[in-house]
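This is what each chain is made of:
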Amino acid sequence: MLLIATISMNLSLPALVTAASVAVACAVLSVFVVTRRWAFIGEGISHSGFGGAGTAWVLALLVPSLDRPWLPYAGVVVFCLLTAIGIAYLSRGQRVNSDAAIGIFMVASLAWGFLAQQIYRRARNADPVGWDVFLFGRASEMTPQYALATAGVCIAVVLVVLLLGKEIVSYCFDPVMAEASGVAVGFIHYLLIVLVSLTIVVGVNVAGNVLVTALLVLPGAAALLFSDRLRTAVGAAIAIGLAGTLAGLCASTRWPAMPAGPAIVLALFAEFLAIFLWKQLAGPARAQPNV
């Protein structure tokens, strides 16, 4: 309660709602991301946002009337979703090795984004709009509309996991057996990747493109150390994600020079490290969680 009170004194309600919604949505998916070994997929999708932003910055140079704050974010949304679908298609059925598919999209998007940023800087003698936000996030500047959209994504993620929990678990642990059992594996595959991309899109303004993947990895990794029961792990991931996000926001408001994104990631890492050390002292964990 003291932590929330400290943050609420310095952050608006939309900022708190946005951060909490991102934390919960990422935490719910993080258990499945870790179980499915999709951490690198999240990295590829989040980094592809730089390509979208870069395209928007070049367009703003060609058409000055388009040089508006919303355009780079629109580019991030489009590129993240297209990259997610591309990775899902290439990795489904091993058309291309999944790591190779992710690496292809990630390096190309990063290269184009950084090149476009340099082109814009040389043309305007200033960094493009949104450059610092896409790197590190800016959780303190959220509109009520954005907060509502983020809360909607969070609710959608939770509802999908509640409704399709058994199918998702079957797919994550053994896709071949799940398909043999009648699970629509292809649908679940695309659905999960789209949900991951949506959480990344809304999380960019909180943690930045570079660090938002941490919200999809650290809560789940820590929770699976904490408990070998999947339902308990999901609940623990939510608690860990919320606590780390609020602690990071508290540090960022206490020391304004510290961006919110790095502060949140370091808080989540501290939680993971604490749980890991506790498990080492308490005894070895089981290899896989139970449903």
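This text goes with the structure placed above it.
The sections below set out a description of the structure shown in this document. Quick caveat: nothing in here was measured; it's all calculated off a predicted structure. (Residues numbered from 1 in each chain as written. Predicted model: local features only at pLDDT ≥ 70, side-chain atom pairs only at ≥ 80, totals over all residues. Heavy atoms only, no water.)

Considering the nonpolar core
Right, so step 1: Counting 78 residues, the largest nonpolar core has Ile45, Phe134 and Leu192 as its most contacted members.
Right, so step 2: Take this core: its biggest share by element is 21 residues, from helix α10 (residues 185-226). (Core = buried A, V, L, I, M, F, W, Y, C linked by side-chain atoms within 4.5 Å. Buried < 20%, exposed > 50% of the residue type's maximum accessible area, 1.4 Å probe, protein only. Helix = DSSP H or I, 4+ residues; strand = E, 2+ residues; numbered from the N terminus.)

A word on the pattern of salt bridges
Right, so step 1: Inspection of the entire model under this criterion finds two salt bridges.
Right, so step 2: Two residues, Asp127 and Arg121, come together in a salt bridge whose shortest N-O distance is 2.6 Å.
Right, so step 3: With relative accessibility at 39%, the residue Asp127 sits in the partly exposed group. (Salt bridge = Lys/Arg side-chain N within 4 Å of Asp/Glu carboxyl O.)

Quick look at the packing of helix α4 (residues 70-91) against α10
Right, so step 1: At a minimum axis distance of 9 Å, the contact between α4 and α10 shows a crossing angle of 150°. Our classification of the angle between α4 and α10 gives roughly antiparallel. The way α4 lies across α10 gives a crossing that is right-handed. Between α4 and α10, the residues in contact are Tyr73, Val76, Val77, Cys80, Leu81, Ala84, Ile85, Ala88, Tyr89 and Ser91 and His189, Tyr190, Ile193, Ser197, Leu198, Val201, Val202, Val204, Asn205 and Asn209, respectively.
Right, so step 2: For the contact of α4 with α10, a count of residues per class yields 15 nonpolar, five polar and no charged. (Axes fitted to C-alpha atoms, helices over the stretch in contact; angles between N-to-C directions. Parallel < 35°, antiparallel > 145°, perpendicular 65-115°, else oblique. Left-handed = near helix turned anticlockwise from the far one by under 90°. Contact = heavy atoms within 4.5 Å. Nonpolar A, V, L, I, M, F, W, Y, C, P; charged D, E, K, R; others polar.)

Considering the packing of aromatic side chains
In this description, an aromatic ring pair is defined by two values, namely the gap between the centres and the angle between the planes.
Right, so step 1: Applying the stated rule across the entire model yields five aromatic pairs.
Right, so step 2: On the basis of an interplanar angle of 65° and a centroid distance of 5.9 Å, the ring pair of Tyr73 and Tyr146 is categorised as edge-to-face. Of this pair, Tyr73 sits in helix α4 while Tyr146 is found in helix α7 (residues 144-163), placing the two residues 73 residues apart along the sequence.
Right, so step 3: When the ring centre of Tyr171 is taken as origin, the NZ or CZ atom of Arg36, which lies over that ring, is 4.7 Å away. (Phe/Tyr/Trp six-rings, centres within 6.5 Å; stacked < 30°, edge-to-face > 60°. Lys NZ or Arg CZ within 6 Å of the ring centre and 35° of its normal.)

Re the packing of helix α3 (residues 39-62) against α4
Right, so step 1: For the pair α3 and α4, the least separation of the axes is 7 Å and the interaxial angle reads 140°. Our classification of the angle between α3 and α4 gives oblique. Once α3 is placed against α4, the crossing between them reads as right-handed. Contacts from Ile41, Gly44, Ile45, Ser48, Gly49, Gly51, Gly52, Ala53, Thr55, Ala56 and Trp57 of α3 reach α4 at Leu71, Pro72, Gly75, Val76, Phe79, Cys80, Thr83, Ala84 and Ile87.
Right, so step 2: Along the lines of polarity and charge, the residues of the contact of α3 with α4 split into 12 nonpolar, eight polar and no charged.

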